[in-house]
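Okay, here's what each chain looks like letter by letter:
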Amino acid sequence: LPAPAVLPAKASGGGADWGTVFTMCSATLGAGALSLPYAISQMGLLLGLGLLAATACATHYSISLLVGAMGATRLHSFEELTVHAFGQRVGVLVEVAIIAFCFGTVVAYTVAIGDILEP
């Protein structure tokens, strides 16, 4: 399914869609970008780059599926789409997973900053 050229800046739940996108990208890419050289050095260049490319393809495919599902259902958040597809209980489970991910990101950044600031 083709992805839309530009995401709408429609407010959903108090925040703009672009704000959500940038927050999740910064939370995901921050720690990953720092650990990528170490991971590739442990696996070897060929296997590391191969797995990186496979992960990039899987990520692109899953995002394409999400964008297509959101376009087909006219829903504008991951939580709404989850509740629509799987029901309220799974929606709550996904929301708890997102909160745990954000909490883990805060803990990881706090530890990283603590290591940097240590005398």
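One can find the structure itself at the top, above this paragraph.
Residues numbered from 1 in each chain as written. Predicted model: local features only at pLDDT ≥ 70, side-chain atom pairs only at ≥ 80, totals over all residues. Heavy atoms only, no water.

J.: Describe the overall build of the chain, listing the residues and the values that go with them.
T.: Scanning the chain for helices and strands turns up four helices and two strands. Reading the chain from its N terminus to its C terminus gives the helix and strand order β-β-α-α-α-α. The buried share of the chain, reckoned over its 119 residues, is 11%. The contacts of the chain with a sequence gap of at least 6 include a subset with a gap of at least 24, amounting to 35%. When the accessible surface of the chain is summed, it comes to about 9,000 Å², and 75% of that surface belongs to carbon and sulfur atoms. (Helix = DSSP H or I, 4+ residues; strand = E, 2+ residues; numbered from the N terminus. Buried < 20%, exposed > 50% of the residue type's maximum accessible area, 1.4 Å probe, protein only. Contact = heavy atoms within 4.5 Å. Areas by Shrake-Rupley, 256 points an atom, 1.4 Å probe, with all protein chains shown as cover.)

J.: Explain a nonpolar patch on the surface to me, using residue names and the numbers behind them.
T.: Together, Leu-36, Leu-45, Leu-49 and Leu-52 line one region of the surface with nonpolar side chains, adding up to about 350 Å² of accessible area. Examining the composition of the nonpolar patch, we find that three residues originate from one element, helix 2 (residues 45-73), more than from any other. Along the chain, Leu-45 falls in helix 2. (Patch = residues over 30% accessible without salt bridge, like charges linked within 9 Å, V, L, I, M, F, W, Y side chains within 5 Å. Salt bridge = Lys/Arg side-chain N within 4 Å of Asp/Glu carboxyl O.)

J.: Lay out helix 4 (residues 88-117) with the relevant residues and their values.
T.: Its 30 residues place the ends of helix 4 43 Å apart at the C-alpha level, agreeing with the 44 Å of an ideal helix rising 1.5 Å per residue. Inspection of helix 4 places Gly-91, Val-94 and Thr-105 among the buried residues, and these make up the whole buried set. (Expected span 1.5 Å × (residues − 1).)

J.: An account of the packing of helix 3 (residues 78-86) against helix 4 is needed here, citing residue identities and associated values.
T.: At a minimum axis distance of 7 Å, the contact between helix 3 and helix 4 shows a crossing angle of 150 degrees. One finds that helix 3 runs roughly antiparallel with respect to helix 4. Helix 4 is crossed by helix 3, and the crossing has right-handed handedness. Residues Phe-78, Glu-79, Thr-82, Val-83 and Phe-86 of helix 3 form the contact with helix 4, whose participating residues are Gln-88, Val-90, Gly-91, Val-94, Glu-95 and Ile-98. Broken down by class, the residue content of the contact of helix 3 with helix 4 amounts to six nonpolar, three polar and two charged. (Axes fitted to C-alpha atoms, helices over the stretch in contact; angles between N-to-C directions. Parallel < 35°, antiparallel > 145°, perpendicular 65-115°, else oblique. Left-handed = near helix turned anticlockwise from the far one by under 90°. Nonpolar A, V, L, I, M, F, W, Y, C, P; charged D, E, K, R; others polar.)

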